[in-house]
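So you can see what is in the structure, the chains are spelled out below.
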Amino acid sequence: MPDQVGLGAREAIADLFYAYADNLDRGDIAGLGRLFTDQVHVDYGPHMEPLTSKADLVEALQRGQDELFSATSHHLSNVRVRLEDDGIGAQATAYVYAWHRYRSGAPDGELWGRYDVGVRLIDGDWCVMRLRLSCAGTRKLHSDHMHPIR
Amino acid sequence: MPDQVGLGAREAIADLFYAYADNLDRGDIAGLGRLFTDQVHVDYGPHMEPLTSKADLVEALQRGQDELFSATSHHLSNVRVRLEDDGIGAQATAYVYAWHRYRSGAPDGELWGRYDVGVRLIDGDWCVMRLRLSCAGTRKLHSDHMHPIR
Amino acid sequence: MPDQVGLGAREAIADLFYAYADNLDRGDIAGLGRLFTDQVHVDYGPHMEPLTSKADLVEALQRGQDELFSATSHHLSNVRVRLEDDGIGAQATAYVYAWHRYRSGAPDGELWGRYDVGVRLIDGDWCVMRLRLSCAGTRKLHSDHMHPIR
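Once a new chain begins, its residue numbering starts again from 1 and follows that chain's sequence as written. Each chain takes a letter, starting from A, and each ligand takes a number, starting from 1, following the order in which they are written. Thresholds applied to this predicted model are a pLDDT of at least 70 for local features of residues and 80 or more for the giving and counting of side-chain atom pairs; totals over whole chains, interfaces and linings are not thresholded and use all residues. Note: side-chain values were computed over all heavy atoms of the structure, leaving out hydrogens and water.

Visitor: Would you mind showing me how to read the relation of the copies chain A and chain C here?
Guide: Mapping one chain copy onto the other needs a rotation about an axis and a shift along that axis. When the copies are superposed, the least-squares fit draws on C-alpha atoms of residues that have pLDDT of at least 70 in both. If you rotate chain A by 120 degrees and push it 0.0 Å along the axis, it lands on chain C with an RMSD of 0.0 Å. What we have between these two chains is a three-fold relation. Of the C-alpha atoms belonging to chain A, the one lying closest to the rotation axis is found on Ser77 of chain A, 3.5 Å away.

What follows is the structure, encoded as structure tokens:
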């Protein structure tokens, strides 16, 4: 599924969220990495240090796939985009309802939260520079210590 | 997140649903009130009388926040908009998957339903005049007496 | 809710997914049938043979309504559309979080998956020719033998 071709800026940025989920849930972590800039600030919560490079992000997510999750499903909705005046930056937010199945056989984990991202247009493609996950709540998730919604 | 700036009518009306969820889930009930006209018809189900003014709506939702819910998350999808010929009215519907955590410590409540709304363009902003919640089903919700989908 | 009027191709195809869910969840299986071409290829998983005509699809879904489900709710998100060069074909995908209540009184069944569809513009309306359901996972669903995400 080629991204962003023929889409306006808002639609392309919404599609960036969907490409993130699609790559993550199919286990294509290298594909997911291509959605990000080389230097990033990705904060999945207080249970882990923010990730600051694409290489670190890919390594952390690949480890999650290899060690923790046998399947995940990230359902993204409520997408809102605010374009910046410079035409090459935007802030966006999406709700996420995420379901996780564990390799350990632990009960499925669920998360009700949101992603806040900062994105930038680079060589014609919108890329994620900054991502923060915050949560309204979780059920049986491997981490119950998440950033609150603010 | 400023609403509706640079959006077409359909996108602005979808964003109105998302602004509703965002304000509700962050507990900004005054902000939620600003999305509605002064006179409203809001029907959350047969367990409570329809609300007929913005002031009553804000009071009822604020009481829910203060007394009932410690957190909520309203995931809106399947947004469909039908613009009216006059250019200043529309009917719209969105699916809602809503998760609720209770102050009482009761198990989390879930709801699978939809919002049907009537909206109107007033001074350049789309506002909600009418809202009806109906449900396919619920699980451990504080009310199990909801309007059916029709 | 009239479909597709005033929408661009991408929006009309997204709306086709929403019309599918709306008709299915309201039990209007004849209405759902009208979204499909006469000849179809609909594959809901290895637990049943692919359906190859609109008549067979309608019959199978009507039987599900009559015998199995007392209510369902299909929450569609992450919609991505790839238009084909001929202007009358497209491939699209949507995530689905589906909730099912059973006539038998069995516990509610949930499914986290996606629909992949092939659609075609026929006499001004986008119609579904091909649909495949695949799943990241299920909980207490009547079938736990589904196509995996690929």
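Resuming the write-up.
Visitor: Which parts of the structure should I look at to understand the relation of the copies chain A and chain B?
Guide: Note on the identical chains: chain A maps onto chain B by a rotation of 120 degrees and an axial translation of 0.0 Å, with an RMSD of 0.0 Å. Different-surface contact between copies: only 10% of interface residues of chain A are shared with the interface of chain B. By definition in these notes, contact holds between two residues if any of their heavy atoms fall within 4.5 Å.

Visitor: Mind showing me how you'd approach the sheet that holds strand β2 (residues 51-53) of chain C here?
Guide: Sheet strands associate in pairs through backbone hydrogen bonding, adopting either a parallel or an antiparallel arrangement. A pair of strands is considered paired only if DSSP assigns at least 2 bridges between the two. For the purposes of this entry, the term helix denotes a DSSP run of H or I that reaches at least four residues, the term strand denotes a run of E that reaches at least two, and both are numbered from the N terminus. A sheet is described by the order of its strands in space; here six strands give the open sequence β2-β1-β6-β5-β4-β3 (chain C), paired in mixed fashion. For this open sheet the edge positions go to β2 and β3 (69-83) of chain C, each flanked by a neighbour on one side alone. Direction aside, neighbouring strands of the sheet carry axes that sit 20 degrees apart on average. Taken together, the two bridges between strand β1 (residues 36-43) of chain C and β2 of chain C define a ladder with antiparallel strand orientation. In the sheet register, Gln39 of chain C faces β2 of chain C, and the bridge partner there is Ser53 of chain C. Angles here are taken between N-to-C directions and fall from 0 to 180 degrees, while the axes themselves are lines fitted to C-alpha atoms, restricted in helices to the stretch in contact. Contacts from helix α1 (residues 9-26) of chain A reach β3, β4 (89-102) and β5 (109-122) of chain C within the one sheet, and its direction differs from that of β3 of chain C by about 110 degrees. Most of the contacts of helix α3 (residues 54-68) of chain C go to β2 of chain C, to which it runs at about 125 degrees, and overall it touches β1, β2, β3 and β4 of chain C.

Visitor: How do you make sense of the packing of aromatic side chains when you look at a structure like this?
Guide: Think of a pair of aromatic rings as described by two things: how far the centres are apart, and how the planes are tilted against each other in angle. Residue and element names in this part refer to chain B. In this analysis, rings of Phe, Tyr and Trp, with Trp reduced to its six-membered ring, are considered paired at centre separations within 6.5 Å, and the interplanar angle assigns stacked below 30 degrees, edge-to-face beyond 60, and tilted for intermediate values. What the rule picks out here adds up to 18 aromatic pairs over all chains. The interplanar angle of 55 degrees and the centroid separation of 6.2 Å between the aromatic rings of Tyr20 and Phe36 together place this pair among those described as tilted. Placement of Tyr20 in helix α1 (residues 9-26) and of Phe36 in strand β1 (residues 36-43) is noted, with a sequence separation of 16 residues between them. Of the two residues, Tyr20 and Phe36, both sit in the buried class. Aromatic side chains Phe69 and Tyr102 sit 5.8 Å apart centroid to centroid with 35 degrees between the ring planes, which places their arrangement in the tilted category. With Phe69 in strand β3 (residues 69-83) and Tyr102 in strand β4 (residues 89-102), this pair connects stretches of sequence that are 33 residues apart. Type-normalised accessible area, obtained with a 1.4 Å probe on protein chains alone, sets the label of each residue: buried when under 20%, exposed when over 50%, and partly exposed for intermediate values.

Visitor: How should α1 of chain A be read in this particular structure?
Guide: Given 3.6 residues to a turn, an α-helix orients residues that are three or four positions apart in the same direction. All names here are of chain A. An ideal rise of 1.5 Å per residue puts 26 Å on 18 residues; α1 measures up with 25 Å between its terminal C-alpha atoms. Along α1, 14 of the 18 residues are buried, which leaves the element largely enclosed by surrounding structure. Directly after α1, the chain includes Gly27, whose backbone phi takes a positive value near 80 degrees. A helix is expected to reach a length of 1.5 Å times the quantity of its residues less one.

Visitor: Help me understand the interface of chain A and chain C in this model?
Guide: In many reports, interface size means the accessible area that the parts give up when they come together. With 24 residues of chain A in contact, the opposing surface of chain C contributes 21 residues. Joining two parts hides part of their accessible area as seen by a 1.4 Å probe, and the buried area is that hidden amount summed over both. Here chain A packs against chain C, burying approximately 1800 Å² in sum over the two surfaces, 53% of which is carbon and sulfur. Whenever Lys or Arg places a side-chain nitrogen within 4 Å of a carboxyl oxygen from Asp or Glu, that contact is recorded as a salt bridge. Applying the counting rule to chain A against chain C returns four salt bridges. For the salt bridge of Asp22 of chain A with Arg114 of chain C, the shortest nitrogen-to-oxygen distance reads 2.5 Å. Looking at the side of chain A that touches chain C, the elements with two or more residues in it are α1, β3 (69-83) and β4 (89-102) of chain A. Looking at the side of chain A that touches chain C, the element that brings in the most residues is α1 of chain A, giving seven residues. The nonpolar class holds Ala, Val, Leu, Ile, Met, Phe, Trp, Tyr, Cys and Pro. Asp, Glu, Lys and Arg form the charged class, and all remaining residues, Gly among them, are polar. For the side of chain A that touches chain C, the class distribution of residues is 11 nonpolar, five polar and eight charged.

Visitor: Even after reading the chapter, I still don't get the environment of Asp108 of chain A, so can you show me in this structure?
Guide: All names here are of chain A. Mapped onto the elements, Asp108 comes out in the loop between β4 and β5 (109-122). In the structure, Asp108 is positioned 102 residues away from Gly6 in sequence and 38 Å away in space, judged by C-alpha atoms. When near neighbours in sequence (up to four residues on either side) are disregarded, Asp108 contacts Trp99, His100, Arg101, Tyr102, Arg139 and Lys140. Nitrogen and oxygen atoms within 3.5 Å of one another constitute a polar contact, given that in protein one can donate a hydrogen and the other can accept it, and given that sequence-neighbouring residues count only through two side-chain atoms. Polar side-chain contacts of Asp108 include one of 2.8 Å to the side chain of Arg101.

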